[in-house]
Amino acid sequence: MPLNINGTLLRKQHRNHVTVRDALNQAMDEELERDERVFLMGEEVAQYDGAYKVSRGLWKKYGDKRIIDTPISEMGFAGIAVGAAMAGLRPICEFMTFNFSMQAIDQVINSAAKTYYMSAGLQPVPIVFRGPNGASAGVAAQHSQCFAAWYAHCPGLKVVSPWNSEDAKGLLKSAIRDDNPVVFLENELMYGVPFEMSEDSQSKDFTIPIGKAKIERQGNHVTLVSHSRFVGHCLDAAAVLAKEGIECEVINLRTIRPMDVESIETSVMKTNHLVTVEGGWPQFGVGAEICARVMEGSAFNFLDAPVTRVTGVDIPMPYAKILEDHSLPQVKDIIFSVKKTLNV
Amino acid sequence: FGKMLTSITNVLRASAVVMSARTYADFTSQATFEIKKCDLHKLEEGPATQVVMTRDEGLQYYRVMQTMRRMELKADQLYKQKIIRGFCHLYDGQCYIEPNACAVGIEASINLTDHLITAYRAHGYTYTRGGTVKEIMAELTGRRGGIAKGKGGSMHMYCKHFYGGNGIVGAQVPLGAGVALACKYQGNNELCVCLYGDGAANQGQIFETYNMAALWKLPVIFICENNRYGMGTSVERAAASTDYYKRGEFIPGLRVDGMDVLCVREAARFAADHCRSGKGPILMELQTYRYHGHSMSDPGVSYRTREEIQEVRSKSDPISMLKDRLLSNNMASVEELKEIDVEVRKEIEDAAQYATTDPEPPLEELCNHIFSNNPPLEVRGTNPWAKLKSVS
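For clarity, every value in this text was computed on a predicted model and none was experimentally measured.

J.: Tell me what's going on with the overall build of chain B, and back it up with residues and numbers.
T.: Across its full length, chain B holds 13 helices and twelve strands. Within chain B, the proportion of its 392 residues that are buried is 56%. Sequence separation of at least 24 residues holds for 71% of the intrachain contacts in chain B that already meet a minimum separation of 6. Total accessible area on chain B stands at roughly 17200 Å², and carbon and sulfur atoms take up 53% of it.

Rendered as structure tokens:
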């Protein structure tokens, strides 16, 4: 019997394969239609159909007012988007990649994230900053950084990192409907990957709650926690390890901030072993935070071994393929780390 | 005895004057004033140079300017007593004159339904936009009755259609253009007044904003309050071009005497008409002066002379200018203005009293207002056992 992505039986033969790109497109299309205050702005989002074609067709459908091409002025247009949010609109501000968001980071943190607090609740900022984050392929150091840890450090922001199409659609819709600044970290290498989408996800009101992780695969021996593209790597590693009798529980964080630590703890209390997997650099990263939280919480006493972090190599991203491949966690690195953690 | 008689007669004469002053029909209801012509950039014509001010307007401007001045002087006092902490950028030196004239002149030419945003020297604008002296002062002293419940302080005050109070120099300019974008998007015929200083005028994001505002014809009035010093750096040492009204290049600009409330008002009216007619952004440079230092920690004399400050204070004070106009045109009496002074002083005293006695915000509210419209969440305190609560 065919299984859907949740591992449960499919009631209908719904062979609904949608790429992450199309899922994001659907999310934006539906939200633009639903609420006229929603609009998209960024470089090449309109007439070019999006640098990565994520906004394909939207300008044709909604026109200049709702889909706005900007000049190459990140700090300026991010500030404009935040101002528009303050004055009652619901902007989606696209960064062509999050590397360029560094030029605008003051607007994201000081103007967007902190304002509701500084104004004691007088001034909300309902904005989504979205775009591809982390490594791509062969784009070298300045275009490959993962910003999950940087943004997740800041109170006042929500930071979301979808993995598959269902995540992408449901979380982006939630982000757009959220009255707070949301940093939405996509992944360029995932845009073209098709996933089956549940029947539920076809509804125009389908949303996935921000702040809740998902168990992608059940297991008893070790917990693997990851976000974005590396969730797929974890599932691949789990498939290999299963043949050796090691059953991994794979958790897809979905949201980095607020992090669903409870799901991690519940899992660790069952498996007694934890391995975190991320594409970002190790120091002060997502894995580091998970380690700290687990130590401070109820699951610590259930650990039979220290938490292991699998991360990107602590270097700027090199260009040559062989070097780039060895700068990021591969499936074999995850398998190796699991076995070390389990001492097998 | 002769002397006593003279003094009695003088008193009687004075009270006779007072009595006649109370007959409002004796006052001129309005007068026409000649104001300085504005320097123009990419404009064929500028604001009117012959303007009418009514008695009511004059009295209102006077009251507002005095209120702002007194409020800032009181803040000065409280800061020196260490009741106000952190940064305290007084709109006083600036508020005194320009901002006083600036804020009043601007507000006189726009509607409360329009929008305004400025940088950190914001107490005056918070007032003209609708904040009360009480809640402004209580915010400065960090009390629960403050306009931001004590969470924001001097630089982060907000009220309806007023977006602060922004601490990062220049960041408010794109924000202001964004507010203007929302106005245009919603088709509500509102505009945004977006202020920044001569120091901020060299920020790159301002030029990015000029570009987009002009490209998209956003209804934004950019206003550069040029008080000749960016903190301790005079304009000549900071800017290759100090013609701030021209720096929008393709955006039409005006250079305005920011010490004269009527000049500011006329220019702002002109600018508002420009925006509302769909022509896009416009830039105004208001030439003003800052009596005090950059902020409370700056005596303001290491980079300029006391003589300079005194000269401006004696020759160009906006409140003095307004007072002269009202009195010499028989639009108000000395007593009437004194009465306003007394009322203002009382209002400030009451507000200061409130600001120093209102309790500080309760600790239970420490973590509130992280997210809007959100279920309550737990916030980590200083140690792992400190689990604090946050509500919207």
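J.: Explain the overall build of chain A residue by residue, including any values.
T.: Assigned secondary structure in chain A consists of twelve helices and 14 strands. Relative to the globule expectation of 20 Å for 344 residues, the C-alpha radius of gyration of chain A, 20 Å, shows essentially globular dimensions. Oriented by its inertia axes, the alpha-carbon framework of chain A measures out at about 60 × 45 × 45 Å. Partitioning the contacts of chain A with sequence separation of at least 6, the portion at a separation of at least 24 is 80%. Accessible surface, chain A: about 13600 Å² in total, of which carbon and sulfur atoms supply 54%.

J.: Tell me about the nonpolar core, and please be specific about residues and values.
T.: Ranked by size, the top nonpolar core spans 80 residues in total, and within it Phe129 and Ile264 of chain A together with Tyr196 and Phe222 of chain B carry the most contacts. In this view, Phe222 of chain B contacts Val173, Cys194, Tyr196, Thr209, Tyr210, Ala213, Ile251, Pro281, Ile282, Leu283 and Met284 of chain B; residues no more than four positions away in its chain are not counted.

J.: How would you sum up the pairing of strand β5 (residues 192-197) of chain B? Please name residues and give values.
T.: Residue and element names in this part refer to chain B. For β5, the tally of buried residues reaches five of six residues, placing the bulk of the element in the interior. Alignment of strand β4 (residues 115-117) against β5, held across three bridges, turns out to be parallel. Residue pairing across strands places Ile117 opposite Cys194, the latter belonging to β5. The pairing of β5 with strand β6 (residues 220-226) spans six bridges and is parallel. Residue Cys192 lies in a different strand from β6, and its bridge partner there is Val220. For the handedness criterion, the β-α-β arrangement of β5, helix α8 (residues 204-215) and β6 is classed as right-handed.

J.: Describe the pattern of salt bridges, listing the residues and the values that go with them.
T.: A complete count under the given rule lists 40 salt bridges over all chains for this structure. Within the structure, one salt-bridge network assembled from shared partners comprises Glu30, Glu31, Arg34, Lys169, Lys173, Arg177 and Asp205 of chain A.

J.: Report on helix α12 (residues 331-342) of chain A, specifying residues and quantitative values.
T.: Residues and elements named next belong to chain A. With twelve residues, α12 extends 17 Å from end C-alpha to end C-alpha; this agrees with the ideal 16 Å at 1.5 Å per step. Taken together, the buried positions of α12 are occupied by Ile334, Ile335, Ser337, Val338, Thr341 and Leu342. Taken end-on, α12 shows its buried residues confined to a sector of 165°, consistent with a single buried face. Away from its buried face, by an angle of more than 90 degrees, α12 presents the exposed residues Phe336 and Lys340. Those residues of α12 that are buried lie in contact with β10 (222-226), α8 (229-243), β13 (274-277) and β14 (308-310). One or two positions beyond α12, positive phi appears at Asn343, with a value near 60°.

J.: Before we move on, could you go through the environment of Arg304 of chain B and cite the residues and values that matter?
T.: With respect to the helices and strands, the residue Arg304 of chain B is situated in the loop between β10 (282-287) and α11 (306-316). Given the relative accessible area of 5%, Arg304 of chain B is considered buried.

J.: Let's hear about the pairing of strand β4 (residues 90-94) of chain A: which residues, and what values?
T.: Each regular strand carries side chains that alternate between the two faces of the sheet. Residues and elements named next belong to chain A. Among the five residues in β4, five count as buried, and that is most of the element. In the sheet, strand β2 (residues 38-42) pairs with β4 via four bridges, with the strands oriented parallel. Looking at the pairing, Met41 lines up with Cys93 of β4. Two strands pair when backbone bridges link them, and β4 and strand β5 (residues 128-132) are joined in this way by three bridges, in the parallel orientation. When the bridges of β5 are listed, Cys93 appears paired with Phe129.

J.: Explain the side chain of Asn133 of chain A to me, and be specific about the residues and the numbers.
T.: Residues and elements named next belong to chain A. Along the polypeptide, Asn133 turns up in the loop between β5 and α6 (148-152). On the basis of relative accessibility, which here comes to 6%, the residue Asn133 falls in the buried class. Among the polar contacts made by the side chain of Asn133, one reaches the main-chain amide nitrogen of Phe147 at a distance of 2.8 Å. Discounting chain neighbours no more than four positions away, the residues touching Asn133 are Phe98, Gln145, Cys146, Phe147, Ala148, Leu185, Glu186 and Asn187.

Definitions and cut-offs
Residues numbered from 1 in each chain as written. Chains lettered and ligands numbered in written order. Predicted model: local features only at pLDDT ≥ 70, side-chain atom pairs only at ≥ 80, totals over all residues. Heavy atoms only, no water. Helix = DSSP H or I, 4+ residues; strand = E, 2+ residues; numbered from the N terminus. Buried < 20%, exposed > 50% of the residue type's maximum accessible area, 1.4 Å probe, protein only. Contact = heavy atoms within 4.5 Å. Areas by Shrake-Rupley, 256 points an atom, 1.4 Å probe, with all protein chains shown as cover. Rg over C-alpha atoms; globule rule 2.2 N^0.38 Å. Core = buried A, V, L, I, M, F, W, Y, C linked by side-chain atoms within 4.5 Å. Pairing = 2+ DSSP bridges. Right-handed = clockwise from strand over helix to strand, strands pointing away. Salt bridge = Lys/Arg side-chain N within 4 Å of Asp/Glu carboxyl O. Expected span 1.5 Å × (residues − 1). Arc of directions from axis to C-beta. Polar contact = N/O pair within 3.5 Å; in protein donor to acceptor, adjacent residues only side chain to side chain.

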